[in-house]
Amino acid sequence: MKKTLATASALLALLSTAYAATVQGTIQAVDPETKSITLDDGKIYQLPAEAAVDQLAVGTKVVVTVDDTTGTVTSIEAAAS
């Protein structure tokens, strides 16, 4: 699973921005059609178009970095257990 998240993280990595928020949580839902994930805080996070959502699994604990200006996820990494 860590290998899968590392791959997903690499695919989601974009240029870093000065305006970023980090959120930690557990994936509750993955929607391939809208390229979004829902975390256990109930919020829906939009992934970039090139994201490999098939590599993200419900129940995985993650740290998500979100661009505050666009609301788009810029990276997803496995959370420390």
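In case you missed it, the structure is sitting above this.
Residues numbered from 1 in each chain as written. Predicted model: local features only at pLDDT ≥ 70, side-chain atom pairs only at ≥ 80, totals over all residues. Heavy atoms only, no water.

1. Digging into the nonpolar core
The condition is simple: Here, nonpolar core refers to any group of buried Ala, Val, Leu, Ile, Met, Phe, Trp, Tyr and Cys residues whose side-chain atoms link them within 4.5 Å. Only protein chains enter the calculation, and the probe is 1.4 Å; a residue is then buried if its accessible area is under 20% of its type maximum, exposed if over 50%, and partly exposed in between. To qualify as a helix, a DSSP run of H or I must reach at least 4 residues; to qualify as a strand, a run of E must reach at least 2; elements of each kind are numbered from the N terminus.
Ile37, Leu39, Tyr45, Leu47, Val64, Val73 and Ile76 are the most contacted members of the largest nonpolar core, which has 14 residues in total. Sorting the residues of this core by element identifies strand S1 (20-31), strand S2 (36-39), strand S4 (61-67) and strand S5 (73-78) as the ones contributing at least two each. For this core, the element with the highest residue contribution is S4, accounting for three residues.

2. Details of the environment of Ile44
Applied cut-off: By definition, residues are in contact when any of their heavy atoms lie within 4.5 Å.
Note on placement: Ile44 falls in strand S3 (residues 44-46). According to the relative accessible area criterion, Ile44 is exposed, its value standing at 60%. When the C-alpha positions of Ile44 and Ala29 are compared, they lie 8.9 Å apart, and in sequence the two are 15 residues distant. For Ile44, the contacting residues outside a window of four places in its chain are Ser36, Ile37 and Thr38.

3. A few points about the side chain of Ser36
Positionally, Ser36 belongs in strand S2. Look past the residues within four positions of Ser36 in its chain and what remains in contact with it is Ala29, Val30, Asp31, Ile44, Tyr45, Gln46 and Leu47.

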